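Single-letter residue listing:
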Amino acid sequence: MSPIFKDLANAIRFLSIDAVQKANSGHPGLPMGMADVATVLFKYYLRFNPKNPDWINRDRFILSAGHGSMLLYSLLYLTGYKSVSIKDIQNFRQLNSICAGHPEYEKNSGIETTTGPLGQGLTNAVGIAIAEEILKKRYGSNLINHKTYVIASDGDLMEGISHEAMSLAGHLKLKNLIVLFDNNKISIDGSTNLTVSDNYKKRFESYGWSFQEVNGHNEKQISKAIKKSLTSNKPNLISCNTIIGYGSPNKSGKASSHGAALGEEEVSLVRKKLKWKFDAFQIPKEIINEWRKIGEKGSLLEKKWNAIYSKKSRKIKDDFSRVINNKLPDDFDELIDEQKKIFFDLKPEIASRQSSSSVLESITKKLPELIGGSADLSGSNNTKTKHSTIIKPSNFLGNYIHYGVREHAMAGIMNGMALHGGVIPYGGTFLIFLDYCKPSLRLSALMGLKVIYIFSHDSIGLGEDGPTHQPVEHLAHLRAIPNLNVFRPADTIETLECWEIALKSSTNPSVIALSRQKIPFITESLSKKNMSKLGGYELKKTSSDPAVTLIASGSEVQIAIDAQKKLQDVNIDSKVVSMPCQELFDKQSKEYKEKVIDKMSKKISIEAGSVFGWEKYVGSEGASLGIKSFGKSAPYKTLYKDFNLTSDHVVMIAKKMLSK
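The structure displayed is predicted, hence computed values, not measured ones.

Asker: For this particular structure, what's the right way to read the overall build of the protein chain?
Answerer: Of regular secondary structure, the protein chain possesses 25 helices and 18 strands. Taking 26 Å as the expected radius of gyration for a compact globule of 660 residues, we find that the protein chain reaches 28 Å, a close match to that expectation. Here the C-alpha coordinates of the protein chain stretch approximately 90 × 55 × 45 Å along the principal axes. Every one of the 660 residues in the protein chain was classed for burial, and the buried ones make up 62%.

Asker: Would you mind going over unusual backbone geometry with me for this structure?
Answerer: Leave glycine aside and you will find that most residues have negative phi; peptide bonds, for their part, are mostly trans. For Asn 108, which is not glycine, the phi torsion reads 60 degrees and is therefore positive. Exposure remark for Asn 108: the relative accessible area of 42% places this residue in the partly exposed category. The residue Asn 382 is not glycine, and still its phi comes out positive at about 60 degrees. Looking at where Asn 382 falls in the secondary structure, it is placed in the loop between α15 (378-381) and β9 (400-402).

Asker: What exactly am I supposed to notice about the packing of aromatic side chains here?
Answerer: Aromatic rings considered in pairs are described by the distance between their centres and by the relative angle of their planes. Scanning all chains against the criterion turns up 24 aromatic pairs. Geometrically, the ring pair formed by Phe 42 and Phe 48 is edge-to-face, given 5.3 Å between the ring centres and 65 degrees between the ring planes. Residue classification places Phe 42 among the buried residues on the basis of a relative accessible area of 3%. When its relative accessible area of 3% is taken as the criterion, Phe 48 is described as buried. Ring pairs connect the aromatic residues Trp 55, Tyr 139, Trp 305, Tyr 309 and Phe 320, which therefore count as one cluster. The ring of Tyr 77 has Arg 292 sitting right over it, with the charged end atom 5.2 Å from the ring centre. In this structure, Lys 347 is placed above the aromatic ring of Phe 344, and the distance from its NZ or CZ to the ring centre is 3.6 Å.

Asker: Would you mind going over the sheet that holds strand β12 (residues 485-487) with me for this structure?
Answerer: Two orientations exist for strands paired in a sheet by backbone hydrogen bonds: parallel and antiparallel. Here we have six strands laid out as an open sheet, ordered β9-β8-β10-β11-β13-β12, and parallel in their pairing. Looking at which strands have only one partner, the edges of the open sheet turn out to be β9 and β12. This sheet shows a mean twist of 20 degrees between the axes of neighbouring strands, independent of strand direction. Sheet topology places strand β8 (residues 370-374) next to strand β10 (residues 424-430); three bridges connect them, and they run parallel. Bridging from a neighbouring strand, Leu 370 pairs with Ile 424 of β10. The strands that helix α19 (residues 492-504) touches are β8, β10, β11 (452-456), β12 and β13 (510-513); relative to β11, the one it contacts most, it runs at about 150 degrees.

Asker: Teacher, can you tell me more about the environment of Ile 288 here?
Answerer: Its place among the elements puts Ile 288 in helix α11 (residues 285-310). Given a relative accessible area of 11%, Ile 288 falls into the buried group. Along the sequence, Ile 288 and Thr 389 sit 101 residues apart, while their C-alpha atoms lie 49 Å from each other. With sequence-adjacent residues up to four places away left out, Ile 288 is seen in contact with Tyr 77, Leu 78 and Ile 283.

Procedures and definitions
Residues numbered from 1 in each chain as written. Predicted model: local features only at pLDDT ≥ 70, side-chain atom pairs only at ≥ 80, totals over all residues. Heavy atoms only, no water. Helix = DSSP H or I, 4+ residues; strand = E, 2+ residues; numbered from the N terminus. Rg over C-alpha atoms; globule rule 2.2 N^0.38 Å. Buried < 20%, exposed > 50% of the residue type's maximum accessible area, 1.4 Å probe, protein only. Phe/Tyr/Trp six-rings, centres within 6.5 Å; stacked < 30°, edge-to-face > 60°. Lys NZ or Arg CZ within 6 Å of the ring centre and 35° of its normal. Pairing = 2+ DSSP bridges. Axes fitted to C-alpha atoms, helices over the stretch in contact; angles between N-to-C directions. Contact = heavy atoms within 4.5 Å.

Nothing here speaks to function; it is all geometry.
This is the structure:
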């Protein structure tokens, strides 16, 4: 190991040690242990441009082991990214510092994804690698040909999502995916032999991966392994045997260096052992200059890439520019208007999952960037249409991924695809299986990614499969997540509108919850206006001064309509409000909300799920009809009666409220 290489690696180590020490909080062990591996990667292999961090053909560097965040921040500062200054590093883990406790995705910053929950970055990397293959096939291998590098920890590989994602990556032969495994054999509780006796070589080879093992502190071994992986025809895992807390006389190789500051005395001892004669946060000019030279190579790489791009046809350049800048086609609004008229004329009485399929059928050809999929439920979710072409190892020109029974990985992979850019991912499963993919969905919202979740079988309306498959608390759970739009459309028109909103939402993910059972067509008049964009709107009223306001979503809107007719028969005027998206309704003006939900009327909400959250609309004197227990196994019409989700029950409640 050359003296200059040692200095480059030690610059990472001491920025990390000093930042954690100043904050008195953080994880110094990983940056100290993986500094040599990271230095080899950035010095010799990683193609990146700090002057344009979002260059589309850059190699992606994912720190899946997000607890070691100071490794990433140190690298960004040292290589010359404007996003991270020495002051930011000194403010590690402080309010509003970009150097947060765990990396938080920020566009054009060099922080490629939000990590910390283990296994997520690893899975995002699979999505990034898939997006790279798709765009490579579509626009040419001389335009898109980057690698995706990941630093992963033993914890990443313990998490179940790693099995799901690595298995699919092997199946798809994602050869441009290179995982650098920090095999330091230490976790928070102590040695990993407390919990793990996996044979990593056999595990990854069984997935169809290439496996290599190196000394993570040997520059030549690390470099040779990465170089070999560049020509592999499989995904690659390089197991780097490292010493956590490398250089610490009393804490290296121990759990005590994992998740706490070393302490002033130990920091001094590390300085002495590694012969680092500089004060905290001081990096000598010659070392900074060497790191900056590494960063400056990217400008020339991008310049060469721009020359290739400039020779592409006008058609390719226009389409490429459109998709990577997240723009929809110019005629998209026209397409939606045409389809809305077709649906209105047909007035289909079908399950909303079938309505969603009809929408996809109409827009897929116009949106080649729309990449669908399902966790082994394509026929049930109706996510696959006649325009779907399967993505497989021999064909990345497709637009549909069979994820298998891997809901969690599907969600994490979609995040990666959205992070890469140039594609819009959507994926389907049953709403009940939100339980399997929620950690990744939460990160979609935290990062503000355009990811579309199709959750069919959205209530007890799925019937005989029973309480194990009937979601009850799930809509309330989803609505509690910040920066997430949760749609529950009531007919084909609303389904089309919800899809339109989701596709135009650039700073948040969307959930579209869909029925298994057939539902009536409820739209009264054709309008170019997207009524669902208001979140909730007046559907029907029997007078300008209704005594009762009935608020419902999805399949229960028809119950409200039927109840309205029965109330009118007994001379009680009412209004029906369809509420496809609470989040959007809550953003409307106070005047609009009070106009839609009549202040002076008695208010009743109807939804075949938990009543949690509806009180903000019906008030303390209103009534919320829903489900306060788990479901049951029976035909769905029987279940609706059993849970009192009927128009007759709504009428009875309304009469009772008005008699007080």
